[in-house]
Amino acid sequence: QQQVKQSPQSLIVQKGGISIINCAYENTAFDYFPWYQQFPGKGPALLIAIRPDVSEKKEGRFTISFNKSAKQFSLHIMDSQPGDSATYFCAASIPRDKIIFGKGTRLHILP
Amino acid sequence: NAGVMQNPRHLVRRRGQEARLRCSPMKGHSHVYWYRQLPEEGLKFMVYLQKENIIDESGMPKERFSAEFPKEGPSILRIQQVVRGDSAAYFCASSPRGDTIYFGEGSWLTVV
């Protein structure tokens, strides 16, 4: 029940296309859903986050869509660029508790 | 405002030695988390601490691993009698309130 399931494991997208990464959870007590971006040899960096009282949040080319009834959320990267090539992690947490991460998606944007 | 500082960035230890990894949280952050990442794998939670208290250590191996976050000074993750399977990247993260967490650049441990 503490798991966050992330898919796909890897993704290849043409430059300018839309990259979509999906996550699902079971624990309805989760109330904070961040996404992190990690480049090789670096620490994960917070990209964008959402709480379940909204269905969508957009920051630049990055959008989180949240479906509370289905217990699913997804990251959309519009106009994907080669610089977006990285590993992306979804996560979920309860306040003042550990953050649980998905297994990650390796995204490669073809130039 | 400096980010989460971890040191050393890279550490090589022989089997049986001890490894000490240090983490200074961001200014004003009293919550610290440690995660372990194996090559090509995700982030595994190890321990969650607040000043002088361990809040959740459910991800810590029962033996050889310990963590502390003293009133003064950095948080320390200590691995005694290291084995080859301990080779991994260890990430520290901090939070002001226990929700949004910010990661350091990691400490890469290699056991030879």
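So, a few notes on the structure that sits alongside this text. (Residues numbered from 1 in each chain as written. Chains lettered and ligands numbered in written order. Predicted model: local features only at pLDDT ≥ 70, side-chain atom pairs only at ≥ 80, totals over all residues. Heavy atoms only, no water.)

### Considerations on the overall build of chain A
Secondary structure assignment for chain A yields zero helices and 11 strands. Counting helices and strands in the order they occur from the N terminus, chain A gives β-β-β-β-β-β-β-β-β-β-β. The globule rule puts the C-alpha radius of gyration for 111 residues at 13 Å, and the 13 Å found for chain A is close to it. When the backbone C-alpha atoms are referred to their principal axes, chain A occupies close to 40 × 30 × 20 Å. As displayed, chain A has an accessible area near 5500 Å², and 51% of this comes from carbon and sulfur atoms. (Helix = DSSP H or I, 4+ residues; strand = E, 2+ residues; numbered from the N terminus. Rg over C-alpha atoms; globule rule 2.2 N^0.38 Å. Areas by Shrake-Rupley, 256 points an atom, 1.4 Å probe, with all protein chains shown as cover.)

### A closer look at the overall build of chain B
Across its full length, chain B holds zero helices and 11 strands. If you list the helices and strands of chain B from N to C, you get β-β-β-β-β-β-β-β-β-β-β. The C-alpha radius of gyration computed for chain B amounts to 13 Å, which stays within 12% of the reference 13 Å derived for 112 residues, consistent with globular compactness. With the principal axes as the frame, chain B shows a C-alpha extent of 35 × 25 × 25 Å.

### Topic: the sheet that holds strand E1 (residues 5-7) of chain B
Residue and element names in this part refer to chain B. Spatially, the four strands line up as an open sheet ordered E1-E3-E8-E7, and their pairing is antiparallel. Each edge of the sheet is formed by a strand with only one pairing partner; in this case those strands are E1 and strand E7 (65-68). Ignoring strand direction, the axes of neighbouring strands in this sheet form an average angle of 15°. The pairing of strand E3 (residues 19-24) with strand E8 (residues 75-79) spans five bridges and is classified as antiparallel. Bridging from a neighbouring strand, cysteine 23 pairs with serine 75 of E8. (Pairing = 2+ DSSP bridges. Axes fitted to C-alpha atoms, helices over the stretch in contact; angles between N-to-C directions.)

### Looking at the interface of chain A and chain B
When the parts come together, some accessible area is lost, and that loss is often what is quoted as the size of the interface. Contacts between chain A and chain B engage 19 residues on the former and 26 residues on the latter. Taken over both partners, the interface formed by chain A and chain B buries close to 1700 Å², and the fraction arising from carbon and sulfur atoms is 51%. On the chain A side of the contact with chain B, A:Arg96, A:Lys98 and A:Phe101 bury the most area, a combined 31% of that side's loss. Connecting chain A to chain B are three salt bridges. Linking chain A to chain B there are six residue pairs in polar contact (both at pLDDT 80 or more). Here the side of chain A that touches chain B is built from residues that sort into eight nonpolar, four polar and seven charged. (Contact = heavy atoms within 4.5 Å. Buried area = accessible area lost by both parts, 1.4 Å probe. Salt bridge = Lys/Arg side-chain N within 4 Å of Asp/Glu carboxyl O. Polar contact = N/O pair within 3.5 Å; in protein donor to acceptor, adjacent residues only side chain to side chain. Nonpolar A, V, L, I, M, F, W, Y, C, P; charged D, E, K, R; others polar.)

### Thoughts on the sheet that holds strand E7 (residues 62-67) of chain A
Residues and elements named next belong to chain A. The sheet built from five strands is open, its strands ordered E1-E3-E8-E7-E6 with antiparallel pairing. At either end of the open sheet lies a strand with only one pairing partner, and these are strand E1 (4-7) and strand E6 (56-59). Taken over all neighbouring pairs, the strand axes of this sheet differ in orientation by 15° on average, direction set aside. Relative to strand E8 (residues 72-77), strand E3 (residues 19-25) runs antiparallel, the two sharing six bridges. Residue pairing across strands places cysteine 23 opposite phenylalanine 73, the latter belonging to E8.

### What to know about unusual backbone geometry
Residue and element names in this part refer to chain A. Of note, the amide linkage connecting serine 7 to proline 8 takes the cis form, showing an omega dihedral of -5°. At aspartate 79, a residue that is not glycine, the phi angle is positive and equals roughly 45°. If you trace the backbone, aspartate 79 turns up in the loop between E8 and strand E9 (86-93).

### Some thoughts on the state of the cysteines
What we call a disulfide is simply a covalent bond connecting the sulfur atoms of a pair of cysteines. Residues and elements named next belong to chain B. Under the definition given, this model contains two disulfides over all chains. Paired by a disulfide, cysteine 23 and cysteine 92 hold their sulfur atoms 1.8 Å apart. Disulfide cysteine 23-cysteine 92: the torsion about the S-S bond is -60°, which places it as left-handed. Of this pair, cysteine 23 sits in strand E3 while cysteine 92 sits in strand E9 (residues 88-95), and the two are 69 residues apart along the sequence. The burial state of cysteine 23 is the same as that of cysteine 92; both residues are buried. (Disulfide = S-S within 2.5 Å. Buried < 20%, exposed > 50% of the residue type's maximum accessible area, 1.4 Å probe, protein only.)

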